[in-house]
Amino acid sequence: MSYFVIALVALALVLLFSVVKIVPQGREFTVERFGKYTKTLVPGISILTPFVERIGRRMNMMEQVLDVPQQEVITKDNAMVKVDAIVFIQVMNASAAAYRVEDLPYAITQLCSTNLRTVVGSMDLDEVLFQRDNINSRLLTVIDAATEPWGVKVNRIEIKDLTPPVDITNAMARQMKAERERRAVITEAEGEKQAAIARAEGAKQSAILQAEGRKEAAFRDAEAREREAEAEARATAMVSQAIAAGDVNAINYFVAQKYVEAFAELARNPTAKTVIVPAEMSGLVGSIAGLAELVNTARDQQQTPRAAAAAPARSRGGAVPPTA
């Protein structure tokens, strides 16, 4: 009797575990009744009909990453390149992914490999090396449309590695080096050009400033000569008035001035080895004495109008206090 109870309990447990199903998050289970698909179980707890229904396929509904193996592809210009990729997929319809294709990861991998050869083979090597985004977008469009009946959404496909032949790699390295040297030469020439322009601009500004300086100096020299000529004219007028008044000292002043200037010019001459001093120095002394007398006469003439102006003031104000 006890063995029968134990067997009955064991059968009940087996029946319970075969009927009650718990689906984890991110998964979906298909249900088959006598081998035919009937429904899909979503995450949570579900109860099946005993001895009639069973779990068919357990599908992963999360995004998955598949690795496309490396393969050699001949480009449009007959260059051999090695290329591999990765593809990101997500099952959207569990029943279609379970019953419309036998091995879903293998099918998608083979589909990516064939389309990768097709896309890369239709492009030149330069396009393959520099247009990866274009290759990715073309592959994504083709593969997503092909996997739609399988209930799969292809989110992204990326070229992981692309290796050209060794000789082409060396040629690209030499080309890159030549391009960098060309850019360096152009940059250096541009710098020399800018430096030459800066030097020319500096020379131009220097020439302008020098011309302005010469202009200002010439203007001031002319002004100085004008003032010197005015002073000479006033001196000549005063001497002429003195000569007209019969003053002989004015003539002696002019003679002494020219005599002194000529003698000074003779002494400053760098080619003269010997300076001859005139024997009659008394004439020079007399001329200097006449010059002093002429200065005293001019001073007396300036004091006479001041005395005449002070006389009316004494007559109006009375006695003038004695001066010290």
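Residues numbered from 1 in each chain as written. Predicted model: local features only at pLDDT ≥ 70, side-chain atom pairs only at ≥ 80, totals over all residues. Heavy atoms only, no water.

(A) Structural detail: the nonpolar core. Membership of the largest hydrophobic core comes to 37 residues, with the highest contact counts inside it found for Val 87, Leu 104, Ile 108, Ile 135, Leu 139 and Ile 159. Contributing elements (two or more residues each) for this core: β6 (64-74), β7 (80-91), α2 (94-99), α3 (104-121), α4 (125-130), α5 (132-147) and β8 (152-163). A total of eight residues in this core trace back to one element, the largest contributor, which is α3. Every residue in contact with Ile 159, bar those within four places of it in the chain, is listed here: Val 83, Asp 84, Ala 85, Leu 116, Arg 132, Ile 135, Asn 136 and Leu 139. (Core = buried A, V, L, I, M, F, W, Y, C linked by side-chain atoms within 4.5 Å. Buried < 20%, exposed > 50% of the residue type's maximum accessible area, 1.4 Å probe, protein only. Helix = DSSP H or I, 4+ residues; strand = E, 2+ residues; numbered from the N terminus. Contact = heavy atoms within 4.5 Å.)

(B) Structural view of the sheet that holds strand β5 (residues 53-60). The sheet built from three strands is open, its strands ordered β3-β2-β5 with antiparallel pairing. With partners counted over all chains shown, the strands left at the sheet margins are β3 (36-41) and β5, one partner each. Ignoring strand direction, the axes of neighbouring strands in this sheet form an average angle of 30°. Two elements, strand β2 (residues 27-33) and β3, share five bridges in a ladder whose sense is antiparallel. Across the sheet, residue Phe 29 finds its bridge partner in β3, namely Leu 41. (Pairing = 2+ DSSP bridges. Axes fitted to C-alpha atoms, helices over the stretch in contact; angles between N-to-C directions.)

(C) Inspection of the packing of α3 against α5 at higher detail. In contact at an axis separation of 10 Å, α3 and α5 are set at 140° when each is read in the N-to-C sense. When the interaxial angle is binned, α3 and α5 end up oblique. As for the relative orientation of α3 and α5, their crossing is right-handed in sense. Residues Ile 108, Leu 111, Cys 112, Asn 115, Leu 116, Val 119 and Val 120 of α3 lie in contact with α5, whose contacting residues are Ile 135, Arg 138, Leu 139, Val 142, Ile 143, Ala 146 and Thr 147. (Parallel < 35°, antiparallel > 145°, perpendicular 65-115°, else oblique. Left-handed = near helix turned anticlockwise from the far one by under 90°.)

(D) Here's a closer look at the pattern of salt bridges. Going through the model one piece at a time under the given rule, you end up with nine salt bridges. With a shortest N-O distance of 3.9 Å, Glu 63 and Arg 156 are connected by a salt bridge. With a gap of 93 residues between them, Glu 63 in the loop between β5 and β6 and Arg 156 in strand β8 connect regions that are remote in the sequence. The exposure class assigned to Glu 63 is partly exposed, which follows from its relative accessible area of 38%. Where salt bridges share partners, they join Glu 179, Arg 182 and Arg 183 into one cluster. (Salt bridge = Lys/Arg side-chain N within 4 Å of Asp/Glu carboxyl O.)

(E) Inspection of α5 at higher detail. With 16 residues, α5 extends 22 Å between its outermost C-alpha atoms, agreeing within 8% with the 22 Å of an ideal straight helix rising 1.5 Å per residue. Those residues of α5 that sit buried are Ile 135, Asn 136, Leu 139, Ile 143, Asp 144 and Thr 147. Along the axis of α5, the buried residues cluster in a sector spanning 145°; they form a single face. Counted as exposed and oriented over 90 degrees from the buried face of α5: Thr 141 and Ala 145. As for α5, its buried residues are in contact with α3, α4 and β8. (Expected span 1.5 Å × (residues − 1). Arc of directions from axis to C-beta.)

(F) Spotlight on a nonpolar patch on the surface. The grouping of Phe 4, Val 5, Leu 8, Val 9, Leu 11, Leu 13, Leu 16 and Phe 17 at the surface amounts to a nonpolar patch, some 830 Å² of accessible area in total. For Val 9, a relative accessible area of 46% translates into the label partly exposed. (Patch = residues over 30% accessible without salt bridge, like charges linked within 9 Å, V, L, I, M, F, W, Y side chains within 5 Å. Areas by Shrake-Rupley, 256 points an atom, 1.4 Å probe, with all protein chains shown as cover.)

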